[in-house]
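# Structure assessment
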Amino acid sequence: METIKAPRGTRDVLGGESWKWARVMDVTASTADDFGFREIMLPIFEHTELFSRGIGDTTDVVEKEMYTFTDRGGRSVTLRPELTASIMRSYLEHDMRRGPQPVKLWGWGPMFRYERPQKGRYRQFAQIDFETLGVPGPMADIEIIDLSMEIYRRLGLSNLQVVLNSVGCPKCRPAYREVLKKYFASGFDSLCDTCKSRFDRNPLRILDCKNDACRQITESAPAVTDSLCDECGAHFKAVMRGLENLGADIKLDNRLVRGLDYYTKTAYEILSGDLGAQNAVCGGGRYDNLAESIGGPHVPGVGFASGIERIVITMEAQGAYMGKEPAPFIYVVTSGGGAENEAVSLAHDLRSRGVSADLDFMGRSMKAQMKTASQANARFVCILGEDEISAGTVTVKDMSAGTQETAPRAAAIEKIEKNVSRKEELR
Ligand code: HAM
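Residues numbered from 1 in each chain as written. Predicted model: local features only at pLDDT ≥ 70, side-chain atom pairs only at ≥ 80, totals over all residues. Heavy atoms only, no water.

Further remarks concern the site of the ligand. In the vicinity of the ligand, 27 residues are found, and the nearest of them are Glu 82, Thr 84, Arg 113, Glu 115 and Tyr 263. Glu 115 has a polar side-chain atom sitting 2.6 Å from a nitrogen atom of the ligand. Within the side chain of Glu 131, an N or O atom sits 2.9 Å from a nitrogen atom of the ligand. Taken by itself the ligand offers 650 Å² of open surface, and the protein chains cover 95% of this. At the level of elements, β6 (124-133), β10 (280-286) and β11 (301-307) are the ones that each hand at least two residues to the shell around the ligand. No other element matches the six residues that β10 contributes to the shell around the ligand. (Near = heavy atom within 4 Å. Polar contact = N/O pair within 3.5 Å; in protein donor to acceptor, adjacent residues only side chain to side chain. Areas by Shrake-Rupley, 256 points an atom, 1.4 Å probe, with all protein chains shown as cover. Helix = DSSP H or I, 4+ residues; strand = E, 2+ residues; numbered from the N terminus.)

What follows is the structure in structure tokens.
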């Protein structure tokens, strides 16, 4: 029988990588605190309708990529492809409108999209996601974009480009759609099949197509910013001015339309030069009509999400600081022959004092245990040989200095405990 492998498009984040994720999460959580965002935890599956109505029936995500199934009670449920719709659902369900506005929330976790897997694109991937709900003005957009950049700055990332656009609102977009359709009609035959099918249903998405022939046509397409209504135009200018004021280096791109239909006004992405074809490390924008499309009252919102895998790939490519790989402070080595219980008890005492300790379970030779301790990057080794066991002592070897000292067990533990307060210095 063949061994079962992980499904295509999923990845196991193993022990050699998970600590890098912990750094991303630490920086994200502390930045969230500094910007006044509260973490919320939401279900991984939701009613399918939340996404089909919220994200839009004609989007690739809803049409082709959702993991949808009927549960045992006959309901259609979907593994969440993103968090924004769920966060809005939660805001409405818990009547967060009644409290002070805005409500600033963040979340993270696995998302699911049946996409063609490649570097940086998976079927199960993780996002960090931030949303500011309940305010219509551009200050919230500026803060959201600044917050996303601040997370990357704290993670030590460079070579990133913020790309900004406005996608208008239901007042000005219909006219722009018509302008676009007129423009695309002349080059219709040269469009790819996907764009041909988008022509009537969602012509804005043609602007986003990566196909070479389509890109040639979209290059000189009419700009959405020339069709914005006064309100959207003023909002866009205020966001640009606010970001300039923060010294942000922003590139305007009229072809940035995003793949989810809920966006209004601001749309943005942050691109990394170190990601390859899937170069968006972050995507977001404003979505003032999402609440209504899922049956709620008018609730403006703005937010972004960033793929954790893509953040880690970028950090690795740029040699950014990824935190320290966890290593035991102490490795307990025994000469076998009845010393196992002593070793377990010493490790227990150390751990109960907050000292990380590890030990051998396989009854291997002292030499093999010393090798493991060194490979595990242990700072000190506690040796429990026959002499130590009979005398009630422990020999503590300093792995970087190469020196060692034998002391009664209690005194040795006390000394180690003192060293723990200098743990970072000693590493
Ligand atoms: P999105 O652009 O679909 O937007 O995804 C945001 C980010 O998630 C992308 O820039 C990328 O880093 C990561 N990502 C997306 N799909 C994959 C994948 N298949 N594999 C790996 N990483 C992926 C949203 O999800 C919106 N909910 C963002 C938002 C929040 N807009 C407003 N608020």
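In this section: the pairing of strand β12 (residues 330-334). Burial of β12 is extensive: five of the five residues sit out of reach of the surface. A two-sided burial pattern is seen for β12, the buried positions comprising Ile 330, Val 332 and Thr 334 on one face and Tyr 331 and Val 333 on the other. For β12 and strand β13 (residues 357-359), the ladder comprises three bridges, and the chain directions are parallel. Within β13, the position partnered with Tyr 331 by the bridge is Asp 358. Here β12 pairs with strand β14 (residues 380-384) via five bridges, running parallel. Counted as the bridge partner of Ile 330 is Phe 380 from β14. (Buried < 20%, exposed > 50% of the residue type's maximum accessible area, 1.4 Å probe, protein only. Pairing = 2+ DSSP bridges.)

Let us now look at unusual backbone geometry. Residue Pro 102 is reached from Gln 101 by a cis peptide bond, and omega for that bond is 0°. Relative to the helices and strands, Pro 102 is located in the loop between α4 (84-93) and β5 (103-112). At Asp 95, a position not held by glycine, the phi torsion is positive, near 50°. Assignment of secondary structure puts Asp 95 in the loop between α4 and β5. For Asn 377, which is not glycine, the phi dihedral falls at a positive 65°. By the element assignment, Asn 377 lies in the loop between α13 (366-375) and β14. For Asn 377, a relative accessible area of 52% corresponds to the exposed category.

At a minimum axis separation of 10 Å, helix α1 (residues 15-34) and helix α11 (residues 308-318) run at an interaxial angle of 105°. Taken as axis vectors, α1 and α11 run roughly perpendicular relative to one another. Seen from α1, the contacting residues are Glu 17, Lys 20, Trp 21, Arg 23, Val 24 and Met 25; seen from α11, they are Ile 308, Glu 309, Ile 311, Val 312, Met 315 and Glu 316. Taken together, the residues of the contact of α1 with α11 sort by class into seven nonpolar, no polar and five charged. (Axes fitted to C-alpha atoms, helices over the stretch in contact; angles between N-to-C directions. Parallel < 35°, antiparallel > 145°, perpendicular 65-115°, else oblique. Contact = heavy atoms within 4.5 Å. Nonpolar A, V, L, I, M, F, W, Y, C, P; charged D, E, K, R; others polar.)

What follows covers the packing of helix α6 (residues 173-186) against helix α7 (residues 193-201). Direction vectors running N to C along α6 and α7 enclose 145°, while the axes themselves pass 10 Å from each other. Considering only the axes of α6 and α7, their crossing is left-handed. In this structure, α6 contributes Arg 177, Lys 181, Phe 184 and Ala 185 to the contact, and α7 contributes Phe 199, Asp 200 and Arg 201. Partitioned by chemical class, the residues of the contact of α6 with α7 number three nonpolar, no polar and four charged. (Left-handed = near helix turned anticlockwise from the far one by under 90°.)

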